[in-house]
Amino acid sequence: MLFFSFFKTLIDHEVTVELKNDIQIRGVLKSVDQYLNIKLDNIQVIEEIKYPHMSAVKNVFIRGSVVRYVHLPANAVDIPLLEDATRREAANQGAKAK
Amino acid sequence: MMENLSINDPAPPPPMPPHAPAGPGGIPPALGRPPPPQQQQLPAQMFTTAAQLLDLTDKKLMVALRDGRKLVGILRSWDQFANLVLQSTKERLFVPPGTAPNQPRGLYADIDRGLFVVRGENVLLLGEMDLDKEDDPPAGYDLADVAVVKKLAEQRKAQDKVREKKKVKLLAKEGFDSENLGEVLL
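Residues numbered from 1 in each chain as written. Chains lettered and ligands numbered in written order. Predicted model: local features only at pLDDT ≥ 70, side-chain atom pairs only at ≥ 80, totals over all residues. Heavy atoms only, no water.

Asker: Help me understand the UniProt feature "domain: Sm" (unreviewed entry) in chain B, please; the structure alone is not making it clear to me.
Answerer: What UniProt calls "domain: Sm" (unreviewed entry) maps, in this numbering, to residues 51-128 of chain B. Its end C-alpha atoms 15 Å apart, residues 51-128 of chain B is made of 5% helix and 59% strand. (UniProt positions renumbered as here; feature names shortened; annotations may be inferred. Helix = DSSP H or I, 4+ residues; strand = E, 2+ residues; numbered from the N terminus.)

So this is what it looks like as structure tokens:
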């Protein structure tokens, strides 16, 4: 659930989502769910000319299973906090396993 | 349960749903930082597949499938796996420029398909059509006769297949595993 929480902190930031079929979509992150399905608003497709089917689309729901990368704005990510949260989650998982 | 859900509803009282571990505003305490005020207002059900698809219901959508097909239809029903019911669906075929000799512009055509139930795993993305732009052809593309576009699309597929085979062969020679180099989906 850590990455779900993490993505929730990025809501209303502009991100670029790269899909497994290489299309890259930039837009404002509007919503994310437990499968890491992503909703983007005000989208703009990189190399738009290659993807004519996207020309009349203004916002998208992307199924989490087809996402390859999410490019994030570096200044919206608090790395030490994320590291700390990761360790804490790992420790919690470890404690649960025992 | 989901049918009655609205993103305007207040967050449900505890117990919180399992996908939103407790914490102020539904943000788990794991990240330690108090959430910014605007996030505090977001109800927990903003973060379910149900809520994300709810505001696309009854809208005209472009659905891109894993096999490269593009469907345009009205979203009538869905579930948490993004299984979809689409009404008045048209399949939109695109042929990029240069598929046929002397074809400087791309072509597209719609084929009436009717009602679709799409299994969620095959969905790449759903896009809400901008109603102001939906009747304009995409930049560099012209509407053409279905039969023509269909024939060119098949031709294009065959071309791509040959090219893909060549690529896989070359990559295999360099030691890359060809099993995971599937077809290119656009």
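Asker: Would you mind going over the pattern of salt bridges with me for this structure?
Answerer: According to the stated counting rule, one finds 17 salt bridges over all chains in the structure shown. Across the salt bridge formed by E121(B) and R119(B), the nearest N and O atoms sit 2.5 Å from each other. Across the pair R156(B) and D160(B) runs a salt bridge, and its minimum N-O distance is 3.7 Å. Within this pair, R156(B) and its partner D160(B) are both found in helix α3 (residues 146-173), separated by four residues, close to a single helical turn. Looking at D160(B), the relative accessible area reads 30%, which means it is partly exposed. Connected through shared salt-bridge partners, E18(A), D22(A) and R68(A) make up one network. (Salt bridge = Lys/Arg side-chain N within 4 Å of Asp/Glu carboxyl O. Buried < 20%, exposed > 50% of the residue type's maximum accessible area, 1.4 Å probe, protein only.)

Asker: Explain a positive patch on the surface here, please?
Answerer: Taken together, K157(B), K161(B), K165(B), K169(B) and K173(B) make up a surface patch of like positive charges. One can find K157(B) in helix α3. (Patch = residues over 30% accessible without salt bridge, like charges linked within 9 Å, V, L, I, M, F, W, Y side chains within 5 Å. Areas by Shrake-Rupley, 256 points an atom, 1.4 Å probe, with all protein chains shown as cover. Lys, Arg positive; Asp, Glu negative; His and termini not counted. Charge placed at Lys NZ, Arg CZ, Asp CG, Glu CD.)

Asker: Got a minute to help me understand the confidence of the model for chain A in this structure?
Answerer: Where the model shows low pLDDT, its predicted coordinates should not be examined in detail. Overall, the prediction assigns chain A a mean pLDDT of 93, with 100% of residues at 70 or greater. Model confidence for chain A, summarised as mean pLDDT per element, is weakest for helix α2 (residues 79-97) of chain A at 91 and strongest for strand β1 (residues 14-19) of chain A at 97. (pLDDT = per-residue confidence, 0-100.)

Asker: Whenever I open this one, the sheet that holds strand β5 (residues 67-71) of chain A confuses me. Can you help?
Answerer: Each strand in a sheet pairs with its neighbour through backbone hydrogen bonds, running either in the same direction (parallel) or in the opposite one (antiparallel). Taken in spatial order, the eleven strands line up as β5(A)-β1(A)-β2(A)-β3(A)-β4(A)-β5(B)-β1(B)-β2(B)-β3(B)-β4(B)-β6(B) in an open sheet, and their pairing is mixed. With partners counted over all chains shown, the strands left at the sheet margins are β5 of chain A together with β6 (141-143) of chain B, one partner each. With direction set aside, neighbouring strand axes in the sheet form an average angle of 35°. Summarising the sheet, strand β3 (residues 84-95) of chain B and strand β4 (residues 106-118) of chain B pair through ten bridges and their orientation is antiparallel. Note that in β4(B) the partner of L93(B) across the bridge is A109(B). (Pairing = 2+ DSSP bridges. Axes fitted to C-alpha atoms, helices over the stretch in contact; angles between N-to-C directions.)

Asker: Explanation requested: the interface of chain A and chain B in the structure shown.
Answerer: How big an interface is tends to be stated in terms of accessible area lost as the parts join. Across the contact, 41 residues belong to chain A and 42 residues belong to chain B. Taken together, both faces of the contact between chain A and chain B bury some 3,800 Å²; the carbon and sulfur share is 61%. Counting across the chain A and chain B interface gives two salt bridges. For E128(B), the salt bridge is made with K58(A), and the minimal N-O distance between the two is 3.9 Å. (Contact = heavy atoms within 4.5 Å. Buried area = accessible area lost by both parts, 1.4 Å probe.)

Asker: Sorry if this is basic, but what is going on with the environment of D22(A) here?
Answerer: Residue and element names in this part refer to chain A. Within the element layout of this structure, D22 appears in the loop between β1 and β2 (24-32). Once the C-alpha coordinates of D22 and R68 are considered, the two residues, 46 residues apart in sequence, prove to be 8.3 Å apart. Other than its neighbours up to four places away in sequence, D22 contacts Y51 and R68. One polar contact links D22 to R68, side chain to side chain, over a distance of 2.7 Å. (Polar contact = N/O pair within 3.5 Å; in protein donor to acceptor, adjacent residues only side chain to side chain.)

Asker: Which parts of the structure should I look at to understand α2(A)?
Answerer: Along an α-helix, residues three or four positions apart point the same way, because every turn accommodates 3.6 residues. Residue and element names in this part refer to chain A. For α2, spanning 19 residues, the distance from its first C-alpha to its last is 27 Å, which sits close to the expected 27 Å at 1.5 Å a residue. All buried positions along α2 are accounted for by L81, L82 and A85. End-on view of α2: buried residues confined to an arc of 95°, all on one side of the axis. Looking at α2, the residues exposed on the side facing more than 90 degrees away from the buried face are P80, R87, A95 and A97. Tucked into the core, α2 has its buried residues touching α1 (2-9). (Expected span 1.5 Å × (residues − 1). Arc of directions from axis to C-beta.)

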